[in-house]
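Structural overview
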Amino acid sequence: MRLLERMRKEWFMVGIVLAIAGAKLEPSIGVNGGPLKPEITVSYIAVATIFFNSGLSLKTEELTSALVHIKLHLFIQIFTLAFFPTTIWLFLQLLSITPINEWLLKGLQTVGCMPPPVSSAVILTKAVGGNEGIVITPMLLLLFLGSSSSVPFTSIFSQLFMTVVVPLIIGQIVRRHIKDWLERKKPPFGAVSSSVLLMIIYTTFCDTFSNPNIDLDKFSLILILFIIFSIQLSFMLLTFLFSTRNNSGFTPADTVAIIFCSTHKSLTLGIPMLKIVFAGHEHLSLISVPLLIYHPVQILLGSVLVPTIKSWMVSRQKGVKLTRPTV
């Protein structure tokens, strides 16, 4: 009974496994030109659905009030879009001489370029009682990744605009007119996006399993898993040490937001983005593997660390209150 309850709670993780297994069993259904027609249903309709859903659920009024914490958001953006990808790039220069699969290493680089998710980082931050981090513009991510893609930049930009920006704007416009209804009914936005994302993952791996020339060795996969665990723990520790310095100017609540939002990466945004940037690439699924691993690892580490970080934050806040002079 507990197992079923756990599986129901983690249905998306189970769905990823089933999607990949389904693609392995019958890849012909989801390949380009197959019955699902992913070149249309996934590349345009599915991706647009995810971002329309995001626009519909995005509470702009909350983002506006969150912009008051300029220093916090600036730190998260710089760490996520500058320090993180640069550090990964330097690290990969060393890993390039190892026998690890080169496409998994490229996938590790794309992980470094991803923005933090709206969901997991914010949920974990709220679970502790900290401040929310800001959503980083996906346009910058695409510009960064575009240079390493075989797809022309103009093509990337036009598809990005049509399947990401336009649906996001339309979703925000629609939200303004049905805001009260949305607040009252609370539609399952997360479940909708996750379900569509499973379809994208399925078709991506259908292309892989239909190509006999692609082989993924277990040694590379195990090493990538270990590297991802190490990267997350190291960066969480680094952000904690930096944000708790005496002259940092960050509160304990800010530190919580920094730890989670600076080190977590968006799967919901990342997979559609990779689908656009590496459209038609035969190794797209291998490039996607590190991000697919990173997602459950960040949830697992976050869940394990929440009680410890919460107790630290409470003790620090009590310490601040005790040392604050009374008037």
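What you see as residue numbers is a count from 1 along each chain, following the sequence as written. Only residues with pLDDT of at least 70 get local features here, since the model is predicted, and only at 80 or more are side-chain atom pairs given and counted; chain-wide, interface and lining totals rely on the full set of residues. As a rule here, side-chain values come from all non-hydrogen atoms in the structure, and water together with hydrogens is ignored.

Things to note about the overall build of the protein chain
Per the secondary structure count, the protein chain includes 14 helices and 0 strands. Counting helices and strands in the order they occur from the N terminus, the protein chain gives α-α-α-α-α-α-α-α-α-α-α-α-α-α. Buried residues are those whose accessible area, probed at 1.4 Å on protein chains only, stays under 20% of the maximum for their type, while exposed residues exceed 50% and partly exposed ones sit between those limits. The 327 residues of the protein chain split such that 46% are buried. Note on areas: Shrake-Rupley, 1.4 Å probe, and residue coverage restricted to the protein chains presented here. Carbon and sulfur atoms form 68% of the exposed surface of the protein chain, whose accessible area is close to 16900 Å². A run of H or I in DSSP becomes a helix once it reaches four residues, and a run of E becomes a strand once it reaches two; helices and strands are each numbered from the N terminus.

Some words on the environment of Gln-317
Relative to the assigned elements, Gln-317 resides in helix α14 (residues 284-323). Between the C-alpha atom of Gln-317 and that of Ala-253, which follows or precedes it by 64 residues, the distance is 8.7 Å. Those residues within four positions of Gln-317 in sequence are excluded, and the remaining contacts are Pro-252 and Ala-253. Contacts were defined at the residue level, with two residues in contact if any of their heavy atoms lie within 4.5 Å.

A few points about the pattern of salt bridges
In the sections that follow, a salt bridge refers to a side-chain nitrogen of Lys or Arg positioned within 4 Å of a carboxyl oxygen of Asp or Glu. Under the definition given, this model contains 1 salt bridge. With a shortest N-O distance of 3.1 Å, Glu-183 and Arg-175 are connected by a salt bridge.

Focus: the packing of helix α6 (residues 102-113) against helix α11 (residues 218-243)
To get an axis, a line is fitted to the C-alpha atoms, and for a helix only the part in contact is used. The angle between two axes follows their N-to-C directions and goes from 0 to 180 degrees. Where α6 meets α11, the closest approach of the two axes is 10 Å, and the angle between their N-to-C directions is 20 degrees. Put simply, α6 runs roughly parallel to α11. The hand of the α6/α11 crossing is right-handed. For the pair formed by α6 and α11, the contact residues are Leu-104, Leu-105 and Leu-108 on the first element and Ser-220, Leu-221, Ile-224, Ile-227, Ile-228 and Ile-231 on the second. By the definition adopted for this analysis, an angle is roughly parallel if under 35 degrees, roughly antiparallel if over 145, roughly perpendicular if from 65 to 115, and oblique otherwise. With the far helix as reference, a near helix turned anticlockwise by less than a right angle produces a left-handed crossing, and one turned clockwise produces a right-handed crossing.

A closer look at unusual backbone geometry
Although it is not a glycine, Lys-37 sits at a positive phi angle of roughly 50 degrees. You can see Lys-37 is positioned in the loop between α2 (11-25) and α3 (38-57). Here the phi dihedral of Lys-186 falls at roughly 50 degrees; this positive angle occurs in a residue that is not glycine. Considering the arrangement of structural elements, one finds Lys-186 in the loop between α9 (153-185) and α10 (189-209). We classify Lys-186 as exposed; its relative accessible area is 59%.

A word on the confidence of the model for the protein chain
When pLDDT is averaged along the protein chain, the result is 77, and 80% of the positions lie at 70 or above. Per-element confidence in the protein chain is highest for α11, whose mean pLDDT is 91, and lowest for helix α7 (residues 120-128), whose mean pLDDT is 44. Confidence scores labelled pLDDT are given residue by residue by the predictor and lie between 0 and 100. Within the model, pLDDT remains below 50 along residues 119-141, and this stretch shows 67 contacts once partners closer than five positions in the same chain are excluded.

Observations concerning a nonpolar patch on the surface
Any residue with relative accessible area above 30% and no salt bridge may belong to a patch, with like charges joined within 9 Å and the nonpolar Val, Leu, Ile, Met, Phe, Trp and Tyr side chains within 5 Å. A cluster of nonpolar side chains, Leu-3, Leu-4 and Met-7, forms an exposed patch at the surface whose accessible area comes to about 310 Å². With respect to the element layout, Met-7 can be found in helix α1 (residues 2-9). Since its relative accessible area comes to 39%, Met-7 is described here as partly exposed.

Section: the environment of Leu-267
Counting through the fold element by element, Leu-267 comes out in helix α13 (residues 267-277). The spacing of Leu-267 and His-295 is 28 residues in sequence and 6.4 Å in space, taken between C-alpha atoms. Residues within four places of Leu-267 in sequence aside, it is in contact with Phe-12, Ile-16, Leu-197, Pro-272, Leu-291, Leu-292 and His-295.

Considerations on the nonpolar core
One recurring pattern in soluble globular proteins: nonpolar side chains tend to sit buried together. Here, the term nonpolar core denotes a set of buried Ala, Val, Leu, Ile, Met, Phe, Trp, Tyr and Cys residues that are joined through side-chain atoms within 4.5 Å. Of all hydrophobic cores here, the largest spans 62 residues; its most connected members are Leu-108, Leu-197, Ile-200, Ile-224, Leu-267 and Ile-271. Of all the elements, α14 adds the most residues to this core, at 10 residues. When neighbours within four sequence positions are excluded, Leu-197 is seen to be in contact with Phe-12, Ile-50, Leu-267, Thr-268, Ile-271 and Pro-272. Counting 9 residues, the second-largest nonpolar core is a separate cluster that includes Ala-253, Val-306, Ile-309 and Met-313.

Remarks on the side chain of Asn-101
For Asn-101, the location among the structural elements is in the loop between α5 (70-95) and α6. A relative accessible area of 13% places Asn-101 in the buried class.

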